[in-house]
Amino acid sequence: MKRGTLVGTILSLALMMSACGGPSQTSPSNDAAANSPPQQEGTFTPANTDTSQGDRNPTAQELGREETTVLTFSLEGQQEEAPATLYIGQGYSLYIPDEGWRLDRDAEDLEESWESTADDDVQLTVRCWPKATTEEMAAYFQRDEDDYTWQLQEDGSYLGYDAHDRGYKQLYLYQRNEEGYTVTLEYPEAAAEGFGVRLSAMADSFAVMK
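Computed from a predicted structure; not experimentally measured. Each residue is numbered by its place in its chain's sequence as written, counting from 1. Totals for whole chains, interfaces and linings use all residues, but because this is a predicted model, local features are given only for residues with pLDDT of at least 70 and pairs of side-chain atoms are given and counted only at 80 or more. Water and hydrogen atoms were dropped before computing side-chain values, which therefore reflect all heavy atoms in the structure.

### Focus: the sheet that holds strand E2 (residues 78-88)
If you walk across this open sheet you meet the four strands as E1-E2-E3-E11, and the pairing is antiparallel. Each of the sheet's edge strands pairs with one partner strand only, and the pair in question is strand E1 (68-75) and strand E11 (207-208). DSSP bridges decide pairing: two strands pair if at least two such bridges lie between them. By the criteria applied, helices consist of DSSP H or I runs no shorter than four residues and strands consist of E runs no shorter than two, each listed in order from the N terminus. Judged from the eight bridges that link them, E1 and E2 form a sheet pairing that is antiparallel. Its bridge partner being in E2, Leu71 is matched across the sheet by Ala82.

### Quick notes on the nonpolar core
Buried Ala, Val, Leu, Ile, Met, Phe, Trp, Tyr and Cys residues that are joined via side-chain atoms within 4.5 Å together make up what is termed a nonpolar core. Each residue gets one of three labels from its accessible area relative to the maximum for its type: buried under 20%, exposed over 50%, partly exposed in between, using a 1.4 Å probe on protein chains only. Trp114, Leu124, Tyr181, Val183 and Phe206 are the most contacted members of the largest nonpolar core, which has 33 residues in total. For this core, the secondary structure elements donating two or more residues are helix H1 (60-63), E2, strand E3 (92-97), strand E6 (123-129), strand E9 (167-176), strand E10 (179-188) and helix H3 (195-204). Between two residues, a contact is recorded if the distance between any of their heavy atoms is within 4.5 Å. Leu124 has contacts with Leu94, Glu112, Ser113, Trp114, Val183, Thr184, Leu185, Leu199, Met202 and Ala203, leaving out every residue within four places of it along the chain. One finds Ala138, Trp150, Leu171 and Leu173 within the second-largest nonpolar core, a separate group that totals 11 residues.

### Quick word on the confidence of the model for the protein
Low pLDDT means the predicted coordinates in that region are not meant to be read closely. pLDDT measures how confident the predictor is about each residue, on a scale from 0 to 100. Of the residues in the protein, 74% reach a pLDDT of 70 or more, and the chain-wide mean stands at 80. Here E1 stands out as the least confident element of the protein, with mean pLDDT 92; E3 is the most confident, with 97. Throughout residues 1-18 the model reports pLDDT below 50, and contacts reaching past four residues in sequence, or to other chains, amount to 51 contacts. Of the regions scoring below 50 in pLDDT, residues 23-54 engages in 94 contacts with residues more than four places distant in sequence or in other chains.

### Brief notes about the sheet that holds strand E5 (residues 111-116)
With antiparallel pairing, seven strands are arranged side by side in an open sheet as E4-E5-E6-E10-E9-E8-E7. The open sheet has two edge strands with one neighbour each: strand E4 (101-106) and strand E7 (149-152). Neighbour to neighbour, the strand axes of the sheet diverge by 20° on average, direction disregarded. Summarising the sheet, E9 and E10 pair through 10 bridges and their orientation is antiparallel. Looking at the pairing, Arg176 lines up with Glu179 of E10. Relative to E9, helix H2 (residues 134-144) is tilted by about 160°, and along the sheet it contacts E6, E7, strand E8 (158-162), E9 and E10. Lines are fitted to the C-alpha atoms to define the axes, a helix being fitted only along its stretch in contact, and any angle between axes, read from their N-to-C directions, falls within 0 to 180 degrees.

Structure representation (structure tokens):
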């Protein structure tokens, strides 16, 4: 499985004051900095924490979202539809197509990934970053994922291209109180017009909770 090398220094659990998760939902705030993030190496590193919580996740109804929907996207000028079901994670929710994707959880890195069953180089990953800002997360990606050349997009996301492996990675940044969330889309250049479009439709359904 192709994965980014998002491995940071693990901070002591005793230093962590918050965990990713929450009871109610609001619209996502994709408020990446209007300017490019700092290029110099900073002091921020992703931290691990215990996500076990006594409280249950809210239901789709409590979040004000439908349990199922149909994701629509255009491929080569043709409209396509994919039935999808709401996935409710710790502090976020998004719609995942009912077929063609498998879930992989990494509790240590507070990360959940959906990999295409047709191409294991294609995946969508959601990661929680306790006590992180969008600027810190963007700067971390730029220095840790230095195989990619990153460019800020009009919608506030960052698009990275790996010229050696000929692959793309798109980064979406969200803020939830003191916690940050990243949604990353990863796919080969040859799949940009297919899987790239499907992944974007899935990412557009992402929402953080209040």
